[in-house]
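Results of the structural survey
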Amino acid sequence: MVEKLKEAIMATDAEVILLDIDGTIKDLVKEHQTALRITVNGFNRGKNLRRKLVFFLDKVAMGFVKSGILSTNRDRQEFLLGLYAIILGKSVSEFRNLYDTFYNDKVIVFRGIRELFEEVASKKKLCFVTVNAQNLNIEKLGIKREDIYCVQSKKKIYAYKTALMMNDLDPEDVLVVGDNIFDDIKPAKKLHCRCLLIDNYKSKFKRFLAKLFKVGIV
Ligand SMILES: [Mg+2]
């Protein structure tokens, strides 16, 4: 995927690339599943049935995330973590605090992403948008702080708008790259930016969505 993304970035005549972070450059599913596994195992030694139920439900939920139906935002995480804590019969806040400790410690970017930044940085300006600022470990991501635009809002369109405004950009000179058709692509279209959908998890359903919404996908 990263190779194809690089080709697409180099081929476009857009001057600025606005990249979503979670699920686009950062493997949020892997990060989440690692933190969840450590938390559940630490909390629930021996209670296999409940543990299996948590992992089964998580697999289903992550299937939705990978296919781009659900977004990987903090609200979804909050809901799922609460549900898992209840299944395990644990305090929701205690469970979430432990999960957060492990989660914040992990930064897993997709393979080849850091090299991509280095290779395209001299040709295009790369900016990054997110609504999940509290989880962001910028140093580990290899991104400059001034290139990140965060908003404390459920709607990412405000983050894209902020990035456009702060850089005084004409939307037609901007390519928005994101992994979620509803969070990234629809707002990008609304703002009249060009857009590209990322399919890091090779989802047939996401390919179908890309066709339906007439958007390029790599
Ligand atoms: Mg995303």
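Because the structure is a prediction, the values reported are computed rather than measured. (Residues numbered from 1 in each chain as written. Predicted model: local features only at pLDDT ≥ 70, side-chain atom pairs only at ≥ 80, totals over all residues.)

What about the sheet that holds strand β3 (residues 148-150)?
- Pairing in this open sheet of six strands is parallel, and the strands run β3-β2-β1-β4-β5-β6 from one edge to the other. Where the open sheet ends on each side, the last strands, each with one partner, are β3 and β6 (216-217).
- When strand β1 (residues 16-20) meets strand β2 (residues 125-130), the two strands line up parallel, connected through five bridges. Residue Leu19 lies in a different strand from β2, and its bridge partner there is Phe128. (Pairing = 2+ DSSP bridges. Helix = DSSP H or I, 4+ residues; strand = E, 2+ residues; numbered from the N terminus.)

What to know about helix α2 (residues 28-43)
- Look at α2: 22 Å from first C-alpha to last across 16 residues, which is about the 22 Å you get at 1.5 Å a residue.
- Those residues of α2 that fall on the buried side of the exposure criterion are Leu28, Val29, Glu31, His32, Ala35, Leu36, Thr39, Val40 and Phe43. Down the axis, α2 shows its buried residues gathered within 160° of arc, on one side only. Seen from the buried face of α2, the exposed residues on the opposite side, beyond 90 degrees, are Asn41 and Gly42. (Expected span 1.5 Å × (residues − 1). Buried ≥ 20, exposed ≤ 12 C-beta atoms within 10 Å, placed from the backbone. Arc of directions from axis to C-beta.)

Notes on the domain arrangement of the protein
- In terms of domains, the protein is made up of domain 1 (2-26 + 109-217) and domain 2 (28-105).
- If you average the C-alpha positions of domain 1 and of domain 2, the two centres end up 26 Å apart.
- In this complex, domain 1 contributes 18 residues to the contact, which on the side of domain 2 involves 12 residues. (Domains from an automatic or database assignment. Contact = placed C-beta atoms within 7 Å.)

Observations concerning the nonpolar core
- Judged by nonpolar contacts, the single largest core of 34 residues is most densely connected at Leu18, Tyr160, Ala163, Leu175, Val176 and Val177.
- Sorting the residues of this core by element identifies α1 (2-11), β1, β2, α8 (157-166), β4 (174-178), α9 (181-190), β5 (194-197) and α10 (204-212) as the ones contributing at least two each.
- Residues Val54, Ala85, Phe95 and Tyr99 belong to the second largest nonpolar core, which totals 12 residues. (Core = buried A, V, L, I, M, F, W, Y, C linked by C-beta atoms within 7 Å.)

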